[in-house]
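The lines below spell out each chain.
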Amino acid sequence: MEETERIDVHAHYYPESYFRDVVQGARGSRAILQDTSGRGMIFGLTDPRIDPEARLADMDRLGIKAQVLSLANPNVYFEEEGESRDLARTTNNALSELSQNFPGRFYFLASLPFGSPRDALHELERVSRLPGFVGVYMGTNILGEKIDQPKFWPFFAEMEHLDRPIFLHPIRPEGGERLREFALEVLIGFPFETTLAASRLIFSGALDRYPRLRVILAHFGGYLPYAVARLRYGFTDYDECRVRISRSPETYFDRFYADTAMAFDAPSLRCAIEALGKKRILLGTDFPFGYTTRGVETTLETLAGLGLSPEDLAGILSGNLRALLRLPK
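1. Some remarks on the sheet that holds strand E6 (residues 133–139)
Move 1: Read across the sheet, 8 strands follow the order E1-E4-E5-E6-E9-E10-E11-E12 without closing on themselves; strand pairing throughout is parallel. Each end of this open sheet is capped by a strand with a single partner; those strands are strand E1 (7–12) and strand E12 (281–282).
Move 2: As defined by bridge partners, strand E11 (residues 256–259) adjoins E12 across 2 bridges and the pair is classed as parallel. Residue pairing across strands places Ala-258 opposite Ile-281, the latter belonging to E12.

2. Considering the packing of aromatic side chains
Move 1: A full pass over the atoms with the stated rule returns 11 aromatic pairs.
Move 2: Centre to centre, the rings of Phe-114 and Phe-152 are 6.1 Å apart; their planes meet at 80°, and the pair counts as edge-to-face. Of this pair, Phe-114 sits in the loop between strand E5 (106–110) and helix H4 (117–127) while Phe-152 sits in the loop between strand E8 (145–146) and helix H5 (153–162), and the two are 38 residues apart along the sequence.
Move 3: Judged by its relative accessible area of 1%, Phe-114 is buried.
Move 4: Taking relative accessible area as the criterion, Phe-152 reaches 1% and is therefore assigned buried.
Move 5: Each ring, one from Phe-114 and one from Phe-155, has its centre 4.9 Å from the other, and the planes form 75°; the classification is edge-to-face. Placement of Phe-114 in the loop between E5 and H4 and of Phe-155 in helix H5 is noted, with a sequence separation of 41 residues between them.
Move 6: The class of Phe-155 is buried, set by a relative accessible area of 4%.

3. So, the confidence of the model for the protein chain
Atom-level detail of predicted coordinates should not be read off regions where pLDDT is low.
Move 1: Averaged over all residues, the pLDDT of the protein chain is 87; the fraction at 70 or higher stands at 88%.
Move 2: Within the model, the stretch residues 28–41 combines pLDDT values under 50 with 29 contacts to residues more than four positions away or in other chains.

4. Here we look at H4
Residues lying three or four places apart along an α-helix face the same way, a consequence of the helix completing one turn every 3.6 residues.
Move 1: Of all the positions in H4, only Asp-119, Ala-120, Glu-123, Leu-124, Arg-126 and Val-127 are classed as buried. Buried residues in H4, looked at end-on, bunch into an arc of 160°, giving them a common side. Away from its buried face by more than 90 degrees, H4 exposes Arg-118 and His-122.
Move 2: Those residues of H4 that are buried lie in contact with helix H3 (81–101), E5, E6 and H5.

5. Here we look at helix H2 (residues 52–62)
Move 1: Considered for burial, the residues of H2 that qualify are Pro-52, Arg-55, Leu-56, Asp-58, Met-59 and Leu-62. In an axial view of H2, the angular spread of the buried residues amounts to 160°, which keeps them on one side of the axis.
Move 2: Against the buried residues of H2 lie E1, strand E4 (66–70), H3, E5 and helix H10 (295–304).
Move 3: In the segment just after H2, Gly-63 is the residue with positive phi, at about 70°.

6. Concerning the pattern of salt bridges
Move 1: Counted under the stated rule, the structure contains 17 salt bridges.
Move 2: Close ionic contact of Asp-86 with Arg-85 constitutes a salt bridge, the shortest N to O distance being 4.0 Å.
Move 3: What makes Arg-85 partly exposed here is its relative accessible area of 37%.
Move 4: For the salt bridge of Asp-208 with Arg-247, the shortest nitrogen-to-oxygen distance reads 3.9 Å. With a gap of 39 residues between them, Asp-208 in helix H7 (residues 206–209) and Arg-247 in the loop between helix H8 (228–237) and E11 connect regions that are remote in the sequence.
Move 5: Given the relative accessible area of 32%, Asp-208 is considered partly exposed.
Move 6: Taking relative accessible area as the criterion, Arg-247 reaches 34% and is therefore assigned partly exposed.

7. A look at a nonpolar patch on the surface
Move 1: A grouping of Val-186, Leu-187 and Ile-188 is seen on the molecular surface, where their side chains present a nonpolar patch of about 260 Å² in accessible area.
Move 2: With respect to the secondary-structure elements, Ile-188 resides in helix H6 (residues 184–203).
Move 3: Of the residues examined, Ile-188 reaches a relative accessible area of 41% and is grouped as partly exposed.

8. Here's the deal with the packing of H3 against H4
Move 1: Taken N-terminus to C-terminus, the directions of H3 and H4 make an angle of 15°; their axes are 11 Å apart at the nearest point. Classified by the interaxial angle, the pair formed by H3 and H4 is roughly parallel. As H3 packs across H4, the resulting crossing turns out to be right-handed. For the pair formed by H3 and H4, the contact residues are Arg-85, Ala-88, Arg-89, Asn-92 and Asn-93 on the first element and Asp-119, Glu-123, Arg-126 and Val-127 on the second.
Move 2: For the contact of H3 with H4, the class distribution of residues is 2 nonpolar, 2 polar and 5 charged.

Rules used in this analysis
Sequence order as written defines the numbering, with residues in each chain counted from 1. Restriction of local features to residues with pLDDT of at least 70 applies here, the model being predicted, together with a cutoff of 80 or more for giving and counting side-chain atom pairs; totals for whole chains, interfaces and linings are based on all residues. The side-chain figures draw on all heavy atoms in the structure; neither hydrogens nor water molecules are used. Only strands that DSSP links by at least two bridges are regarded as paired with each other. Strands here are runs of E lasting at least two residues and helices are runs of H or I lasting at least four, both read from the DSSP assignment and numbered beginning at the N terminus. Whether two aromatic rings pair depends on their centres lying within 6.5 Å, for rings of Phe, Tyr and Trp, where Trp uses its six-membered ring; planes under 30 degrees apart make the pair stacked, over 60 edge-to-face, and the rest tilted. A 1.4 Å probe rolled over the protein chains alone gives each residue an accessible area, and that area as a share of the maximum for its type sets the label: buried under 20%, exposed over 50%, partly exposed in between. Per-residue confidence from the predictor is reported as pLDDT, which spans 0 to 100. Contact between two residues is taken to exist if any of their heavy atoms lie within 4.5 Å; hydrogens are not considered. Our arc is simply the arc of the directions from the helix axis toward the C-beta atoms. Here, a salt bridge means any side-chain nitrogen of Lys or Arg that lies within 4 Å of a carboxyl oxygen of Asp or Glu. Exposure above 30% relative accessible area and the lack of any salt bridge qualify a residue for a patch; like charges then connect within 9 Å, and the nonpolar side chains Val, Leu, Ile, Met, Phe, Trp and Tyr within 5 Å. In short, Shrake-Rupley with a 1.4 Å probe defines the accessible areas, and a residue's cover is counted only from the protein chains shown. An axis is simply a line fitted to the C-alpha atoms; with a helix, the fit covers only the stretch in contact. Between two such axes, the angle follows the N-to-C directions and lies from 0 to 180 degrees. Orientation labels follow simple angle bins: below 35 degrees gives roughly parallel, above 145 gives roughly antiparallel, 65 to 115 gives roughly perpendicular, and whatever is left gives oblique. Definitions for this section: a left-handed crossing has its near helix turned counterclockwise from the far helix by less than a right angle. A right-handed crossing has that turn clockwise. Note on residue categories: nonpolar means Ala, Val, Leu, Ile, Met, Phe, Trp, Tyr, Cys or Pro, charged means Asp, Glu, Lys or Arg, and polar means any other residue, Gly included.

Okay, here's the thing in structure tokens:
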């Protein structure tokens, strides 16, 4: 493996069928907008990124050998269970087909209809056999429900059995009108959602119940790396924080990985590396969202300037992810 190899764990892709169904059906109305010509958009994108050749050209320009593809918001989380189930199936099929058409360039994280835990398990059993499958995308909440609830435990157990990670991505942050202006829903609400969900996985005892479960945290772990001392304080000073766990929260950090998406500055990256360790940091770009303002280039430049050893830098750029996902060389 060359030291310059780059594999991107955080790259979003809307298949044509998904883009058509969600925009035309006006599902997930907070995500559906219109441009000045009246075309439907998902979070500002009119292009569903269905042209793999154009994407590959961007990847080649940035020296990215492979991307791990996943849906972004609103994913397949809709009130109608049948629609979510069907949308998950067609989306996962499309992503698997893409990985087969371009072997070694694309892998995918499955989307599951978590609104019905039974349907989610059935789809997981099916999709885990599809080419290109390497893990599961899970929102930080499912239609407002906490993901550490017992209803989701059978899913965690199956992910342990499959020995595949969960990619935990923020979705529908709470905060009401205070987050509607100044893009604060994305800038502040998303990292908070990741921090909240990860903290609940710790304090709820879920990580004790499933000791081999591994979780990738989007956007360099949200605020979790900054919160080590506060979480430790909660464990020592609040009885409720010790009901379901018997050791300090930061000792569970070895269960988490974090990607570099949107971590444009050195202090943020250094904090995540210090909190989680160099072996648990993964290259992520949030393509195409983090791509629009030179975010990818900035992240790569920042990583190169951290003074890491060649071995540690190569691990972050691809080696850590290859080991986690058991990717062929």
